[in-house]
Amino acid sequence: MKIKNLFCSLAFAAGTVLLPTSLMAGDSVTITNEVKIDNFSFGPQTVTVTVGTKVTWINKDDIPHTVTSDSKLFASRALDTDDKFSFTFKSPGTNNYYCSMHPKMTGKIIVK
Amino acid sequence: MILESAAPPAANAALAVEFVMGVALAGGMILARRKRFKAHAVCQTAVVLFNLVVIATFMAPSFRHGVLPGIPSHLGRSYYLLATAHGVLGIIAELLGLYILLVAGTKLLPPRLRFTRYKPWMRMALAVWWLDLLLGLATYLRWYVRLH
């Protein structure tokens, strides 16, 4: 009986540890509403959120950057180190954006 | 580990144009040494006037957008310090160039505002211009180039 209980406990513990990992492995949606700017890049580069979500960008680089949407839906001022910029997405769609000071830096917010 | 530039095309173009102008000014100095003063005047005048276009179309908007919001509060950081030093020295170099053009090429200024010893003024202007060119290169590296 004790051995059976021990086996059940071990199985439960293993399941508890493995379950989130298995969920994450098959998950293509980035569960975050924060985009970090660092070393001339946006991370994650693609973020998927639901309508009404406020996305926040935070500049962790040691030089200023901007967050400017291709469609002019949103545009930040120059963000210095640790400055933040937020925008609430009110309609579904794909929003490509870039840094106007370093146009090679690009990112994407998918709103579902 | 390699260096990679994240500069927009306009910044690359401005850097290239500024270096061409710096070389042209040095070439103009050689023309003066060879007593080809007319060609010297045309060369230096063209560079000083064309630089006004570069300042107005690229340098000033870039400074207003990327640097002005951070000064004086962030002037202690190299990003702002280099760009500000480059901007201030650039204005001095351009004004110096325009002043020399007015004195040497026109009769617009009254005698009390004119100089007669051309060489020291022109040499100083060239030195300030090249120093600012190096500061511009440093600014470019700080703003746009990263280790990858």
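The structure contained in this document is the topic of the report that follows. (Residues numbered from 1 in each chain as written. Chains lettered and ligands numbered in written order. Predicted model: local features only at pLDDT ≥ 70, side-chain atom pairs only at ≥ 80, totals over all residues.)

Looking only at helices and strands, one finds four helices and two strands in chain B. From first element to last, N terminus to C terminus, chain B shows the α and β order β-α-α-α-α-β. Dimensions of chain B, computed from C-alpha atoms along their principal axes, come out at roughly 50 × 30 × 25 Å. In chain B, which comprises 148 residues, the proportion classed as buried is 26%. Sequence-distant contacts in chain B: of pairs separated by 6 or more residues, those separated by 24 or more amount to 70%. (Helix = DSSP H or I, 4+ residues; strand = E, 2+ residues; numbered from the N terminus. Buried ≥ 20, exposed ≤ 12 C-beta atoms within 10 Å, placed from the backbone. Contact = placed C-beta atoms within 7 Å.)

Right, let's get into the sheet that holds strand E5 (residues 68-69) of chain A. Residue and element names in this part refer to chain A. Spatially, four strands are ordered E3-E8-E7-E5 in an open sheet, and the strand pairing comes out mixed. In this open sheet, the two strands that pair with only one neighbour each are strand E3 (46-49) and E5. Alignment of E3 against strand E8 (residues 106-111), held across four bridges, turns out to be parallel. The residue bridging valine 47 from the neighbouring strand is isoleucine 109, located in E8. (Pairing = 2+ DSSP bridges.)

Turning to the interface of chain B and chain A, a few remarks are in order. It is common to give the size of an interface as the accessible area that goes away when the parts come together. Contacts between the two partners involve 11 residues from chain B and, on the opposite side, 12 residues from chain A. Sorting the residues of the side of chain B that touches chain A by element identifies helix H2 (37-66) and helix H4 (118-144) of chain B as the ones contributing at least two each. Of the residues in the side of chain B that touches chain A, the class split is six nonpolar, four polar and one charged. (Nonpolar A, V, L, I, M, F, W, Y, C, P; charged D, E, K, R; others polar.)

Turning our attention to helix H1 (residues 9-33) of chain B. Residues and elements named next belong to chain B. Its 25 residues give H1 an end-to-end C-alpha distance of 36 Å, which sits within 8% of 36 Å, the value for a rise of 1.5 Å per residue. Residues of H1 that are buried: Ala11, Ala14, Leu15, Glu18, Leu25 and Gly28. Structurally, H1 contributes buried residues whose contacts are with H2 and H4. (Expected span 1.5 Å × (residues − 1).)

Spatial relationships are all this shows, so hold off on functional conclusions.
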